[in-house]
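Close look at the chain arrangement
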Amino acid sequence: MKKKTSKKITACVIGAVVILALVVLLKPKAANPLDSVAKDVFAVRPETVQKRDLRHQLIMSGSVKAWEEATLYPRVSGKLLKNLLREGDSVKKNQTVSLIERDEVGAVYEPVVVPSTITGLVGRVYLDPGANVTVSTPVALVVNQERVRVAVDMPERYIGEIYKGQPATLRVDALPGKEFNARLQIISPVVDSNSRAVAVEFWADNAKGLLKSGMFAKVDVTLSEKKNAVSIAKKSLYRQNGESYVFVPSQDGRTAQKKVVSVGFENTDHLEIADGLKEGDTILEFAYGLQDGSKIDMGK
């Protein structure tokens with residue numbers, strides 16, 4: 001009796017499983033929203049060929065340095081008696097910045113002055129009165145920042161594109177949105193054999209004193225340029241087997257057509273089309289897998 005009951009239960013379970021499987025298999029599949037999209041059509045965006053002023057620019061970084069900097073030292077050993085000037089004060093050449101009291105037992109001397117060796121501003125006062133000093137102890141720093149310098153190392157491959165007096169643009173992170181005119185004034189006659197770079201220096205006027213010695217700076221110098229160039233975005237150009245080409249829409253706008261072009265001037269973002277396109281023409285932006293004759297959809 002027990003065996004018959006067990007067989008009935010097993011048969012019921014198997015039957016339920018079979019019915020469930022049939023329900024799952026026969027259930028209509030939910031519609032996939034992508035099923036209505038043609039699988040062989042490329043969604044592309046058009047680009048209009050334009051005339052632009054193209055520049056090949058090199059951006060380098062360095063630190064701003066004052067035109068003149070002088071660290072002041074006492075001429076005798078002793079104690080710092082007094083600081084007559086503080087940070088930010090104007091100072092003229094030979095003007096007293098600090099006073100030193102000689103440290104000699106049994107003798108009385110007039111305080112010894114520490115004069116500025118240049119005209120400018122006091123940038124730092126290093127010691128407080130009472131500090132012991134020697135002739136090698138720095139007392140103060142004076143800077144002349146009416147003009148500033150930025151020294152950078154330029155890769156040797158650009159040496160043929162630079163010259164003395166070349167204009168450049170100077171920017172500092174501390175003053176976002178501001179640009180300062182600079183010029184290339186010093187070019188080292190030698191190339192560093194380790195870094196393969198040449199030391200150059202840019203100068204900039206700083207009459208308003210906005211640039212401070214020690215600021216991190218970026219120098220943007222134009223190495224070459226092409227004005228009014230018929231150009232496209234560099235990413236829209238295809239290169240293969242020594243051939244340069246773009247894709248243009250067919251007359252009805254439904255397919256892509258390959259068009260061979262000649263390339264001229266190039267920079268980081270754009271390039272000149274020397275032959276094959278004209279201003280106002282429409283091309284297709286880069287699309288992976290796009291071929292000559294591919295179906296396209298440029299949207300509205």
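First, a word on scope: everything that follows refers to the structure included in this document.

Cut-offs and rules
Residues numbered from 1 in each chain as written. Predicted model: local features only at pLDDT ≥ 70, side-chain atom pairs only at ≥ 80, totals over all residues. Heavy atoms only, no water. Core = buried A, V, L, I, M, F, W, Y, C linked by side-chain atoms within 4.5 Å. Buried < 20%, exposed > 50% of the residue type's maximum accessible area, 1.4 Å probe, protein only. Helix = DSSP H or I, 4+ residues; strand = E, 2+ residues; numbered from the N terminus. Pairing = 2+ DSSP bridges. Axes fitted to C-alpha atoms, helices over the stretch in contact; angles between N-to-C directions. 1 Å grid on protein atoms, 1.4 Å probe; cavity = no way out; pocket = protein on both sides within 12 Å on 5 of 7 lines; lining within 4 Å. Points joined across faces, edges and corners; volume = space filled by probe spheres on them. Salt bridge = Lys/Arg side-chain N within 4 Å of Asp/Glu carboxyl O. Phe/Tyr/Trp six-rings, centres within 6.5 Å; stacked < 30°, edge-to-face > 60°. Contact = heavy atoms within 4.5 Å. Polar contact = N/O pair within 3.5 Å; in protein donor to acceptor, adjacent residues only side chain to side chain.

This next bit is on the nonpolar core. Of all hydrophobic cores here, the largest spans 26 residues; its most connected members are Val 64, Met 154, Leu 170, Val 200, Phe 202 and Val 221. For this core, the secondary structure elements donating two or more residues are β3 (50-72), β10 (140-155), β11 (167-172), β12 (180-187), β13 (197-205) and β14 (216-233). Judged by nonpolar contacts, the second largest core, of 18 residues, contains Val 91, Ile 118, Val 122 and Val 133.

What the 4 strands build is an open sheet, ordered β7-β6-β4-β9; its pairing is antiparallel. Taken across any chain shown, the strands that pair with only one partner, and hence form the sheet edges, are β7 (112-115) and β9 (132-133). Across 5 bridges, the pairing between strand β4 (residues 78-83) and strand β6 (residues 96-102) is antiparallel. Across the sheet, residue Gly 78 finds its bridge partner in β6, namely Arg 102.

For the rest of this paragraph, the subject is the sheet that holds strand β16 (residues 243-249). The sheet built from 3 strands is open, its strands ordered β15-β16-β17 with antiparallel pairing. What marks the edges here is a single partner per strand, and that holds for β15 (238-240) and β17 (256-260). Adjacent strand axes in the sheet meet at a mean angle of 40° when their direction is disregarded. Bridging between β15 and β16 involves 3 bridges; their strand directions are antiparallel. Paired with Tyr 238 across the bridge in β16 is Tyr 245.

Moving on, we get to the layout of surface pockets. One number sums up the size of the largest pocket: a volume of about 360 Å³. Listing elements by their share of the lining of the largest pocket, those giving two or more residues are β5 (90-91), β8 (120-125) and β10. With 5 residues, β10 is the single largest residue contributor to the lining of the largest pocket.

This brings us to the pattern of salt bridges. On inspection of all chains with the given rule, the structure shows 14 salt bridges. Note that Arg 86 and Glu 87 form a salt bridge whose closest N and O atoms lie 3.8 Å from each other. With a closest N to O distance of 3.7 Å, Asp 220 and Arg 171 form a salt bridge. Of this pair, Asp 220 sits in strand β14 while Arg 171 sits in strand β11; the two residues are 49 residues apart in sequence, bridging distant segments of the chain. Judged by relative accessible area, which is 9%, Asp 220 ranks as buried. Because the salt bridges share partners, they merge into one network encompassing Arg 55, Glu 225 and Lys 227.

To continue, consider the packing of aromatic side chains. Inspection of every chain in the model, using the stated rule, returns 5 aromatic pairs. Measuring from ring centre to ring centre gives 5.5 Å for Tyr 238 and Tyr 245, while their planes differ by 10°; the resulting arrangement is stacked. Taken as a pair, Tyr 238 and Tyr 245 share a single burial class, namely buried. Judged by centre distance (5.0 Å) and plane angle (80°), the rings of Tyr 238 and Phe 247 are edge-to-face.

Position of Asn 94 among the secondary structure elements: in the loop between β5 and β6. Its relative accessible area of 58% is what places Asn 94 among the exposed residues. When the C-alpha positions of Asn 94 and Val 113 are compared, they lie 9.7 Å apart, and in sequence the two are 19 residues distant. When residues no more than four places from it in sequence are discounted, the contact partners of Asn 94 are Pro 115 and Ser 116.

Before going further, it helps to spend a moment on the side chain of Asn 206. Here Asn 206 lies in the loop between β13 and β14. Take Asn 206: its relative accessible area is 4%, and that puts it in the buried class. A polar contact is formed between the side chain of Asn 206 and the backbone oxygen of Leu 211, at a distance of 2.9 Å. If sequence neighbours within four positions are ignored, Asn 206 has contacts with Gln 145, Glu 146, Arg 147, Val 148 and Leu 211.

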